[in-house]
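Secondary and tertiary structure notes
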Amino acid sequence: MIGGTFLAVTAGITGDDRPSLTRRVVFSVGLVAALVIFAGIVLALTSETPQNPVLQNPVASHLFTAARWLADPFRHAVPRQDPKQDIALNWGLAGGTYFFVGVFLSRTLTGQ
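What comes next concerns the included structure. Predicted, not measured: the structure shown is a model, and the values here were computed from it.

1. Things to note about the pattern of salt bridges
- Counted according to the given criterion, the structure contains one salt bridge.
- One salt bridge in this structure joins D72 and R75, with 3.5 Å as the shortest N-O distance.
- Take D72: its relative accessible area is 37%, and that puts it in the partly exposed class.
- Classification of R75 by relative accessible area gives partly exposed; the value is 44%.

2. A word on the nonpolar core
- Formed by 14 residues in total, the largest nonpolar core has its most connected members in I37, F64, L70, W91 and A94.
- Looking at this core, the elements with two or more residues in it are α2 (21-46), α4 (58-71) and α5 (83-110).
- Considering each element in turn, this core owes the most residues, six residues, to α2.
- Ignoring anything within four residues of it in the chain, the contact list for I37 reads A67, L70, A71, W91, A94, G95 and Y98.

3. Overview of the packing of α4 against α5
- Remark: α4 packs on α5, axes separated minimally by 9 Å, with the N-to-C direction vectors making an angle of 80°. Regarding the angle of α4 to α5, the classification is roughly perpendicular. Seen from α4, the contacting residues are F64, A67, R68, L70 and A71; seen from α5, they are W91, A94 and Y98.

4. Looking at α5
- Over its 28 residues, α5 runs 41 Å from end to end, which matches the ideal 40 Å to within 8%, given 1.5 Å per residue.
- Those residues of α5 that are buried lie in contact with α2 and α4.

Rules used throughout
- Residues numbered from 1 in each chain as written.
- Predicted model: local features only at pLDDT ≥ 70, side-chain atom pairs only at ≥ 80, totals over all residues.
- Heavy atoms only, no water.
- Salt bridge = Lys/Arg side-chain N within 4 Å of Asp/Glu carboxyl O.
- Buried < 20%, exposed > 50% of the residue type's maximum accessible area, 1.4 Å probe, protein only.
- Core = buried A, V, L, I, M, F, W, Y, C linked by side-chain atoms within 4.5 Å.
- Helix = DSSP H or I, 4+ residues; strand = E, 2+ residues; numbered from the N terminus.
- Contact = heavy atoms within 4.5 Å.
- Axes fitted to C-alpha atoms, helices over the stretch in contact; angles between N-to-C directions.
- Parallel < 35°, antiparallel > 145°, perpendicular 65-115°, else oblique.
- Expected span 1.5 Å × (residues − 1).

Structure representation (structure tokens):
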């Protein structure tokens, strides 16, 4: 388990003080959700139309769909007239929320 050892050494902790598997999984889920949303923001802001060749790529299309699904609860959090501003602001709020909730829950699970 080289990755876990690397994380423990870089965080300055050793032995039994290493982060638990649950903490790492919770943090990773929050981080991945935030990264997917931020990638979706980039795809949304760089594509002019849904027929854009970038969104016709299956990976980009699935990534955009996943980002839209994750950001759906924040769809009308801060309404804007410009659709790109609306996506950037509301999806950015969603990505930040997922990340900070993941950090908060991972720290709560270990009592730090």
